[in-house]
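# Fold and geometry: a report
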Amino acid sequence: MSFMIDRITTAISPHQHNMYEIIVCTGGNGDFYGTEEVPISKGSIIIVPPGVTHNSLAQDTLDRIYIQGDFSHCFPFAASVVVQDNTMGEGCILAEMLYHNRFAKQEYIAALVEAFVHYLMDKEGFAEILVT
């Protein structure tokens, strides 16, 4: 499976993708516009399903790492979902690991992405989101 991993700090105009996108806010404040408008800041993790138009605007700066891939076997969402990282910042740490190793061997990237997705699926309250 291939993934696209990158970092962005600027505002993004409305767009959509043909695969899932996971956006991890690693710094700053702003707003995410997807299914609805949601304020985001460090630790906000957004899961955007394929075909959902979305964008984000920074209040001053807004650092985001995004991971795009086929996560349809994990996330059955029809609308964007926003969750908050835990107090230890493990989601941000995993996202930073993914970003800094994005050019590593595909097997290593796949293992990091799998760990990140399992982290998300294991978050308290996330199981309720998956059921609805």
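Before going into details, it helps to say that this report is about the structure given with it. (Residues numbered from 1 in each chain as written. Predicted model: local features only at pLDDT ≥ 70, side-chain atom pairs only at ≥ 80, totals over all residues. Heavy atoms only, no water.)

### Comments concerning the packing of helix 1 (residues 90–100) against helix 2 (residues 106–122)
For clarity, the cut-off: Angles run from 0 to 180 degrees between N-to-C directions of axes, and those axes are lines fitted to C-alpha atoms, restricted for helices to the stretch in contact. Secondary structure elements are defined from DSSP: runs of H or I of at least 4 residues count as helices, runs of E of at least 2 residues count as strands, and each element is numbered from the N terminus. Any angle that is under 35 degrees is reported as roughly parallel, and any over 145 degrees as roughly antiparallel; angles of 65 to 115 degrees are reported as roughly perpendicular and all others as oblique. Each crossing gets its handedness from the near helix: less than a right angle anticlockwise from the far helix is left-handed, clockwise is right-handed. Should any heavy atoms of two residues lie within 4.5 Å, those residues are considered in contact. Only Asp, Glu, Lys and Arg are considered charged in this grouping, and only Ala, Val, Leu, Ile, Met, Phe, Trp, Tyr, Cys and Pro are considered nonpolar; every other residue, Gly among them, is considered polar.
In the contact formed by helix 1 and helix 2, the axes pass within 10 Å of each other and the chain directions differ by 165°. In this view, helix 1 runs roughly antiparallel relative to helix 2, as classed from their interaxial angle. Of the two possible hands of crossing, helix 1 and helix 2 adopt the one that is left-handed. Between helix 1, through Glu90, Gly91, Leu94, Ala95, Met97 and Leu98, and helix 2, the contact on the second element is made entirely by Tyr108, Ile109, Leu112, Val113, Ala115, Phe116 and Tyr119. Across the contact of helix 1 with helix 2, the residue classes break down as 11 nonpolar, one polar and one charged.

### Comments concerning the environment of Ile93
Note the cut-off: Buried, partly exposed and exposed residues are distinguished by accessible area as a fraction of the type maximum, computed with a 1.4 Å probe on protein chains only: under 20%, between the cut-offs, and over 50%, respectively.
Its place among the elements puts Ile93 in helix 1. Ile93 sits in the partly exposed class, given a relative accessible area of 46%. Sequence spacing of Ile93 and Val24 is 69 residues, and the spatial spacing of their C-alpha atoms is 10.0 Å.

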